[in-house]
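Results of the structural survey
These are the residues of each chain, in order.
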Amino acid sequence: QVQLVESGGGLVQAGGSLRLSCAASGRTFSSYPMGWFRQAPGKEREFVAGISWSGASTYYADSVKGRFTISRDNAKNTMYLQMNSLKPEDTAVYYCAASAKSRSLYYMAHNHDEYDYWGQGTQVTASS
């Protein structure tokens, strides 16, 4: 069993930055591929970014590529999402997730049920 807790969300002006954190506890953090997802009001949950267990591989949704950076620090049992040049379209609840499976990041981005553990979410709002 793994527990995930997100933090770092808030309200910023369009063009601003935020850094989200996801703290993991329970089973060993380093063995799990992880990712960030988001869900805006009235919309389906969508993939944002994924990272391999070692941090060597990353994968991004086209909508955030070049603006967001995913990373992880296994010594601190924490994953991060650095969000730059925020747009109003980025406004959503952001969730972190982890999986005990060894599928490719691309496959997991398009198959959300491959992620076994989810956090409670943190609100991100980018105003015009």
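The paragraphs below set out a description of the structure included in this document.

**As for the pattern of salt bridges**
Across all of its chains, the model carries six salt bridges by this definition. Put simply, Arg38 and Asp90 hold a salt bridge, and the shortest N to O gap is 2.9 Å. Taken as a pair, Arg38 in strand E4 (residues 34-39) and Asp90 in the loop between strand E8 (78-83) and strand E9 (92-98) lie far apart in primary sequence, 52 residues in all. Residue classification places Arg38 among the buried residues on the basis of a relative accessible area of 5%. Linking Asp90 and Arg67 is a salt bridge whose minimum nitrogen-to-oxygen distance equals 2.8 Å. Note that Asp90 is positioned in the loop between E8 and E9 and Arg67 in the loop between strand E6 (58-60) and strand E7 (68-73), a separation of 23 residues in sequence. Across the pair, Arg67 and Asp90 agree in class, each one buried.

**Considerations on the pairing of strand E5 (residues 46-51)**
One face of the sheet, then the other: side chains in a regular strand alternate in exactly this way. With respect to burial, E5 is a largely interior element, five of its six residues being buried. Relative to E5, E4 runs antiparallel, the two sharing five bridges. Note that in E5 the partner of Phe37 across the bridge is Phe47. Once E4 ends, the chain turns through six residues before running back antiparallel as E5, passing Gly42 with a positive phi of about 75°. Where E5 and E6 come together, three bridges link them in antiparallel fashion. Residue Ile51 lies in a different strand from E6, and its bridge partner there is Thr58. Here E5 hands over to E6 after six residues, with Gly55 in that stretch at a positive phi of 85°.

**Describing unusual backbone geometry**
Unusually for a residue other than glycine, Asn77 sits at a positive phi of about 55°. Within the fold, Asn77 resides in the loop between E7 and E8. Since its relative accessible area comes to 32%, Asn77 is described here as partly exposed. Located in the positive-phi region is Ser85, a residue other than glycine, with phi close to 50°. As for its position among the elements, Ser85 is in the loop between E8 and E9. Among the residues examined, Ser85 registers a relative accessible area of 41% and is labelled partly exposed.

Thresholds, definitions, all that
Residues numbered from 1 in each chain as written. Predicted model: local features only at pLDDT ≥ 70, side-chain atom pairs only at ≥ 80, totals over all residues. Heavy atoms only, no water. Salt bridge = Lys/Arg side-chain N within 4 Å of Asp/Glu carboxyl O. Helix = DSSP H or I, 4+ residues; strand = E, 2+ residues; numbered from the N terminus. Buried < 20%, exposed > 50% of the residue type's maximum accessible area, 1.4 Å probe, protein only. Pairing = 2+ DSSP bridges.

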